[in-house]
Amino acid sequence: MTAHAPSEGTQAVTATRVLVLNSGSSSVKYQLLDMRDSSRLATGLVERIGERASRLVHTPAHGERRERTEQVADHAAALKAVAEELRQDGLGIESPELAAFGHRVVHGGPKFTEPTVVDDDVLAEIERLVPLAPLHSPANITGIRTARALRPDLPQVAVFDTAFHATMPESAYRYAVDVRTADAYDVRRYGFHGTSHAYVSRRAAELLGKDPSEVNVIVLHLGNGASASAVAGGRCVDTSMGLTPLEGLVMGTRSGDIDPAVIFHLARVGGMSVDEIDELLNKRSGLTGLCGDNDMREIRRRIDAGDAAARLAFDIYIHRLKKYIGAYTAVLGRVDAVVFTAGVGENAAEVREAAVAGLDTLGIAVDAGRNTVRSDVPRLVSPDGSRVAVAVVPTDEELEIARQTFALVGEDRTVDA
Ligand code: AMP
């Protein structure tokens, strides 16, 4: 759509809103943002889609939070319910101020290295990639299809979790596996949490008062899923997740790195099927597998009460984290900042402290006082004069999706109303 003068009797409206949709297998999370000032106009979620008692929570920026329980049969019904909630606040998706939908899409495979306006060909390619992310991609596709049916005239932009990592050199992304076999099945490191690593590394540069091109940053995204990345001059050069989000750090329920031969052993000696091992490593491993809890708050509480299993789980988590900080220090050569983000990274001072303990020789340390101050703004937690800054930067994946969506389609969105 091209910017143009208003026709007679109409008024030119610049569309500046982006509706960000994160469609999971049984939930849709959404945020409506105004990209003039990156403000949130409304946020919410629909969960337990397909069950008898689905739950809708809607929070407008200017108004009361609304919550109700009712049956929402499928994603189409969920999006209609979201549209109705937005309409009640005068923020309906039929508004000429809505510029685009921005969709979180988990896997972009080897092809999608940038945010992409979805047409039939793009949708077909995302569908081809379903085997790479069978749990997530089908829901992402349903979200796009449903939004497209509601506003066929608006751009639907796919923002891929893998895209930020597309700048990795082949020496980092290629596994040392027979090349023809690997290429035949798109087997390589892709990396995930890309919108978070992109946002957080950029905000960290801002915090240092530098342009992203001038700084080398290690980003530690520690949520229920967890990943590390090495970002050199604004470009990702290595990341810990791989073909799927299973590789790398110890996570809430995922093992992270293991010897792949564990899988053959469990199949041959343990008689487990591939699906059983998949479920074991993705759902019953990590912190949960080690001590029965995946929430770092609960693990800390148990450690304080003298629980040995919780202590060991914490120590294994930290040991892995420290190994990645060391590895990415070597990959980057010069590190300007180590940045913690996501639920654990932003909130668990003990994790930050333990992860950098003993790394003074690398110039990496936290100041005990600064590290324990609770705050929700980007901040430095290292001592003054440290060679490497240690920072906490709250992530904002929805804002990053909206930003990338608007950067792609925003300029031309002046329409007659
Ligand atoms: P996320 O996936 O980014 O939403 O992170 C979720 C995880 O963050 C939870 O499973 C907790 O382990 C962790 N978390 C959230 N709040 C805190 C807190 N105050 N202290 C420690 N860990 C926290």
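Procedures and definitions
- Residues numbered from 1 in each chain as written.
- Predicted model: local features only at pLDDT ≥ 70, side-chain atom pairs only at ≥ 80, totals over all residues.
- Heavy atoms only, no water.
- Helix = DSSP H or I, 4+ residues; strand = E, 2+ residues; numbered from the N terminus.
- Rg over C-alpha atoms; globule rule 2.2 N^0.38 Å.
- Contact = heavy atoms within 4.5 Å.
- Areas by Shrake-Rupley, 256 points an atom, 1.4 Å probe, with all protein chains shown as cover.
- Lys, Arg positive; Asp, Glu negative; His and termini not counted.
- Charge placed at Lys NZ, Arg CZ, Asp CG, Glu CD.
- Near = heavy atom within 4 Å.
- Polar contact = N/O pair within 3.5 Å; in protein donor to acceptor, adjacent residues only side chain to side chain.
- Nonpolar A, V, L, I, M, F, W, Y, C, P; charged D, E, K, R; others polar.
- Phe/Tyr/Trp six-rings, centres within 6.5 Å; stacked < 30°, edge-to-face > 60°.
- Buried < 20%, exposed > 50% of the residue type's maximum accessible area, 1.4 Å probe, protein only.
- Lys NZ or Arg CZ within 6 Å of the ring centre and 35° of its normal.
- Pairing = 2+ DSSP bridges.
- Axes fitted to C-alpha atoms, helices over the stretch in contact; angles between N-to-C directions.
- Salt bridge = Lys/Arg side-chain N within 4 Å of Asp/Glu carboxyl O.

(A) Structural view of the overall build of the chain. Along the backbone of the chain there are 15 helices and 16 strands. A compact globule built from 417 residues would reach a C-alpha radius of gyration of about 22 Å, and the chain, at 22 Å, matches this within 12%. Taking contacts inside the chain between residues at least 6 apart in sequence as the whole, the part at least 24 apart equals 63%. As displayed, the chain has an accessible area near 18,900 Å², and 51% of this comes from carbon and sulfur atoms. Once the 46 positive and 58 negative side-chain charges of the chain are each reduced to a mean point, those two points are 3 Å apart.

(B) Region of interest: the site of the ligand. Every residue close to the ligand is listed here: G223, N224, N294, D295, M296, R297, A342, G343, V344, N347, A348 and R374. A distance of 2.8 Å is found between an oxygen atom of the ligand and a backbone nitrogen or oxygen belonging to M296. At 3.4 Å from a nitrogen atom of the ligand is found a side-chain nitrogen or oxygen belonging to R297. Burial of the ligand by the surrounding chains reaches 69%, relative to a free accessible area of 500 Å². Among the secondary structure elements, those contributing two or more residues to the shell around the ligand are α10 (296-304) and α12 (342-347). Sorting elements by how many residues they give to the shell around the ligand places α12 first, with 4 residues. Per-class residue counts for the shell around the ligand are 4 nonpolar, 5 polar and 3 charged.

(C) Quick look at the packing of aromatic side chains. All chains considered together, the criterion is met by 2 aromatic pairs. Both rings, one in Y324 and one in Y328, keep their centres 5.6 Å apart while their planes meet at 75 degrees; by these two values the pair is edge-to-face. Within this pair, Y324 and its partner Y328 are both found in helix α11 (residues 308-332), separated by 4 residues, close to a single helical turn. Residue class for Y324 comes out buried when judged on its relative accessible area of 12%. Taking the relative accessible area as the measure of exposure, Y328 reaches 3% and is therefore buried. Residue placement shows R188 over the ring face of Y173; its charged tip is 3.7 Å from the ring centre. Stacked on the ring of F314, the Lys or Arg R300 has its end atom at 4.7 Å from the ring centre.

(D) Broad picture of the sheet that holds strand β14 (residues 379-380). In space, the 6 strands of this open sheet follow the order β12-β11-β10-β13-β15-β14, with mixed pairing throughout. For this open sheet the edge positions go to β12 (235-239) and β14, each flanked by a neighbour on one side alone. By the bridge criterion, 5 bridges tie strand β10 (residues 216-222) to strand β13 (residues 337-341) in an arrangement that is parallel. Its bridge partner being in β13, V217 is matched across the sheet by A337. Together, β10, β11 (226-232) and β12 form the strand contacts of α11, whose direction differs from that of β10 by roughly 160 degrees.

(E) Region of interest: the sheet that holds strand β5 (residues 54-60). Spatially, β6-β5-β4-β3-β2-β7-β9-β8 is the arrangement adopted by the 8 strands of the open sheet, whose pairing is mixed. In this open sheet, the two edge strands, each paired with only one partner strand, are β6 (66-70) and β8 (116-117). Across 5 bridges, strand β2 (residues 17-23) lies against strand β7 (residues 98-105) in parallel orientation. Its bridge partner lying in β7, L19 is registered against F101.

(F) Region of the structure containing the pattern of salt bridges. One pass over the full model with this rule turns up 34 salt bridges. Put simply, E67 and R65 hold a salt bridge, and the shortest N to O gap is 3.0 Å. Shared partners join several salt bridges into a network, and the residues in it are R66, R68, E70, E85 and D89.

(G) Representation of the side chain of S201. Mapped onto the elements, S201 comes out in helix α6 (residues 194-207). Judged by its relative accessible area of 6%, S201 is buried.

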